[in-house]
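So you can see what is in the structure, the chains are spelled out below.
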Amino acid sequence: MASGIERAKEALGGAVPPPWIVRAAFRARAAIGALHARMVPGFSLVLERTFGMVDTKALYCAVDLRIPDLLARGPLTSTQIAAASGADPDAVERLLRFLVMRGFFKHRRGAYANNAATDRLREDHPYSFRDWVLFFGSEWNARIWNEMPSRVRTGRPAAETALGMPFFQYLSEENPDAGRAFAGAMASGSRLQGILFGETIGLEDVRHLCDIGGGSGSVLAHLLALHPQMHGTVLDLPSLEADARVVFEDAGVAERATFVGGDFFDAVPGGCDLYVLFAVVHDWDDERCALILSNIRRVMAPGGRIMVIEAVIPPHDSEHFLKTTDMLMLVLGDGGRERTDSEFAALWTRAGLRLANRTMLPSTFEVFELVPAG
Ligand SMILES: C[S@@+](CC[C@H](N)C(=O)[O-])C[C@H]1O[C@@H](n2cnc3c(N)ncnc32)[C@H](O)[C@@H]1O
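Computed from a prediction, not measured in an experiment: that's the story for all the values here.

Peer 1: Explain the overall build of the chain to me, using residue names and the numbers behind them.
Peer 2: Helix and strand content of the chain: 19 helices and nine strands. Relative to a compact globule of 374 residues, whose C-alpha radius of gyration would be 21 Å, the chain shows 21 Å and is just as compact. With the C-alpha coordinates aligned to their principal axes, the bounding extent of the chain is approximately 65 × 50 × 45 Å. Classification of the 374 residues of the chain by burial places 46% in the buried group.

Peer 1: Give me the lowdown on the side chain of His222, citing residues and values where you can.
Peer 2: If you trace the backbone, His222 turns up in helix α15 (residues 218–226). His222 has contacts with Arg7, Gly194 and Ile195, leaving out every residue within four places of it along the chain.

Peer 1: Describe in detail the nonpolar core, supporting the description with residues and values.
Peer 2: Membership of the largest hydrophobic core comes to 32 residues, with the highest contact counts inside it found for Phe197, Leu203, Leu209, Phe248, Val276, Met307 and Ile309. Counting only elements with at least two residues in this core, the list comes to α1 (4–12), α14 (176–200), α15, α16 (241–250), β5 (257–261), β6 (274–278) and β7 (305–310). Not counting the four nearest positions on each side in its chain, Met307 is found in contact with Phe197, Ile201, Leu274, Tyr275, Val276, Leu277, Val367, Phe368 and Glu369. Core analysis: the second largest hydrophobic core is formed by 27 residues, Phe264, Trp284, Val312 and Leu353 among them.

Peer 1: Report on the packing of helix α13 (residues 167–174) against α14, specifying residues and quantitative values.
Peer 2: It is at 6 Å that the axes of α13 and α14 come closest, and there the two elements cross at 115°. Crossing geometry of α13 relative to α14 is assigned as left-handed. Contacts between α13 and α14 involve Phe167, Phe168, Tyr170, Leu171 and Glu174 from the former and Pro176, Ala178, Gly179 and Phe182 from the latter. Taken together, the residues that form the contact of α13 with α14 break down as seven nonpolar, one polar and one charged.

Peer 1: Requested: an account of the site of the ligand, with residues and values cited.
Peer 2: What surrounds the ligand is a group of 16 residues, the closest being Ser190, Gly213, Asp236, Asp263 and Phe278. Here a nitrogen atom of the ligand sits 3.4 Å away from a polar atom, N or O, in the main chain of Gly262. Measuring from a nitrogen atom of the ligand, one finds a side-chain N or O atom of Asp263 at 2.9 Å. Within the complex, 93% of the 590 Å² of free accessible area of the ligand lies under protein. Among the residues making up the shell around the ligand, the classes are represented as nine nonpolar, four polar and three charged.

Peer 1: Explain the packing of aromatic side chains residue by residue, including any values.
Peer 2: If you walk through the whole model with that rule in mind, you get 19 aromatic pairs. Both rings, one in Phe167 and one in Phe182, keep their centres 5.1 Å apart while their planes meet at 85°; by these two values the pair is edge-to-face. Within this pair, whereas Phe167 is found in helix α13, its partner Phe182 is found in helix α14, the two being separated by 15 residues in sequence. Considered together, Phe167 and Phe182 belong to a single accessibility category, that of buried residues. Consider the rings of Phe344 and Trp348, whose centres lie 5.5 Å apart with planes at 20°: the pair is stacked. You can see Phe344 and its partner Trp348 sitting in helix α19 (residues 341–350), four residues apart, about one turn around the helix. We note that Phe344, like Trp348, is buried. Taken together, the ring pairs connect Trp132, Phe135, Phe136, Trp140, Trp145, Phe167, Phe168, Tyr170, Phe182, Phe264, Phe265 and Trp284 into an aromatic cluster.

Peer 1: Describe in detail the pairing of β5, supporting the description with residues and values.
Peer 2: As paired strands, strand β4 (residues 231–236) and β5 are joined by five bridges and run parallel to one another. Paired with Gly232 across the bridge in β5 is Ala257. Crossover handedness for the path β4 to α16 to β5: right-handed.

Peer 1: Residues and numbers for the pattern of salt bridges, please.
Peer 2: Close approach of charged atoms lets side chains of opposite charge pair. Scanning the entire structure with this criterion turns up 19 salt bridges. The partner of Arg207 in a salt bridge is Asp273, and the shortest N-O contact between them spans 3.9 Å. In this pair, Arg207 is assigned in the loop between α14 and β3 (208–212) and Asp273 in the loop between β5 and β6, connecting sequence segments 66 residues apart. In this structure, Glu369 and Arg305 form a salt bridge, with 3.4 Å as the shortest nitrogen-oxygen distance. Taken together, the residues span a long stretch of sequence, with Glu369 in strand β9 (residues 366–372) and Arg305 in strand β7 at a distance of 64 residues. Across the pair, exposure class does not vary: Glu369 and Arg305 are buried alike.

Peer 1: Break down helix α7 (residues 89–101) for me, with residues and values.
Peer 2: Over its 13 residues, α7 extends 18 Å from the first C-alpha to the last, a length consistent with the 18 Å expected when each residue adds 1.5 Å. Buried positions along α7 lie against α4 (52–64), α5 (67–70), α6 (78–85) and β2 (111–113). Among the residues trailing α7, Gly103 stands out with phi positive, at a value near 100°.

What counts as what
- Residues numbered from 1 in each chain as written.
- Predicted model: local features only at pLDDT ≥ 70, side-chain atom pairs only at ≥ 80, totals over all residues.
- Heavy atoms only, no water.
- Helix = DSSP H or I, 4+ residues; strand = E, 2+ residues; numbered from the N terminus.
- Rg over C-alpha atoms; globule rule 2.2 N^0.38 Å.
- Buried < 20%, exposed > 50% of the residue type's maximum accessible area, 1.4 Å probe, protein only.
- Contact = heavy atoms within 4.5 Å.
- Core = buried A, V, L, I, M, F, W, Y, C linked by side-chain atoms within 4.5 Å.
- Axes fitted to C-alpha atoms, helices over the stretch in contact; angles between N-to-C directions.
- Left-handed = near helix turned anticlockwise from the far one by under 90°.
- Nonpolar A, V, L, I, M, F, W, Y, C, P; charged D, E, K, R; others polar.
- Near = heavy atom within 4 Å.
- Polar contact = N/O pair within 3.5 Å; in protein donor to acceptor, adjacent residues only side chain to side chain.
- Areas by Shrake-Rupley, 256 points an atom, 1.4 Å probe, with all protein chains shown as cover.
- Phe/Tyr/Trp six-rings, centres within 6.5 Å; stacked < 30°, edge-to-face > 60°.
- Pairing = 2+ DSSP bridges.
- Right-handed = clockwise from strand over helix to strand, strands pointing away.
- Salt bridge = Lys/Arg side-chain N within 4 Å of Asp/Glu carboxyl O.
- Expected span 1.5 Å × (residues − 1).

Here is the structure:
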């Protein structure tokens with residue numbers, strides 16, 4: 001198996017820079033973004049931003065036609081792509097012209113090839129982001145976004161209005177295909193976070209790690225493979241159990257990994273010395289986050305720790321991707337939100353926890369290490 005750092009390089013597609021360099025690069029990019037926005041008259045900016053949906057749908061089309069998979073074997077003309085995918089040649093050429101303009105695919109001497117971004121849209125890429133595109137461009141996700149105005153006006157959960165039931169219930173009980181697409185999308189991001197977490201945080205003394213809301217288990221599988229002394233448990237909705245078992249088997253860690261299907265608002269597995277929550281806290285309001293965290297606090301092993309892995313909304317007005325994902329939190333769940341530093345601090349207090357340590361991953365996500373207060 002590749003070492004952790006080799007996997008991190010492979011997963012990121014290059015070197016793993018220290019967090020301060022990544023933050024500086026983000027700040028520079030935000031400044032260029034602000035300048036870019038000011039360089040056009042107001043109405044142009046309105047038009048450009050209103051067309052944002054075109055990116056979502058054009059990428060979805062390319063993935064739906066499996067263009068990144070077709071190009072894995074080498075460059076093709078749009079006519080060849082259209083023939084291989086059974087699509088309209090003129091539409092494929094125009095779709096690719098648009099996507100090349102947006103930074104996707106390479107176009108040379110009349111043929112198209114994958115670039116670093118579209119390579120990540122191949123189904124067989126070990127760190128594929130294909131499921132994100134399929135989730136975001138799906139018909140059921142579009143229905144949720146259609147309810148954004150009613151969410152902002154009334155405060156009623158948009159997903160529940162659109163789908164007729166809470167978002168996670170829809171995924172686990174009503175539409176298993178959507179559930180699989182969403183879990184796959186989450187795994188694309190968490191596979192990277194899990195690798196960076198495993199490289200950054202020392203886990204040598206952990207006996208039993210529990211990944212709360214750990215989805216189909218890709219983070220746990222990676223951490224168990226890195227640490228042969230460790231056992232692990234994923235707690236998530238029962239519908240993800242079969243997928244998690246495959247992930248554990250594939251990673252060769254099935255003997256040390258357990259999946260518990262359950263509801264983290266009711267109870268969590270007890271006695272573990274480390275509980276991790278990757279991108280779970282941002283799905284819920286403070287009251288429900290405090291319930292999950294208090295459920296853990298009550299049953300964790302003496303001397304145990306909780307690590308919450310989330311990014312923090314910075315206190316400035318310039319561009320930051322978290323303000324965009326906050327819009328996703330606004331529509332997906334009931335009370336989900338990205339948080340500022342002071343909002344996180346209030347949450348820890350409410351859950352009876354104390355911040356013992358804080359570490360930034362190269363992704364600029366923070367690992368908040370929490371212990372029982374007092
Ligand atoms: C945003 S996803 C994050 C998944 C994973 N930690 C990751 O980073 O990819 C939230 C997870 O919480 C799970 N979840 C939602 N409601 C739950 C509940 N009541 N009890 C247990 N798990 C739940 C979902 O199934 C999903 O896997």
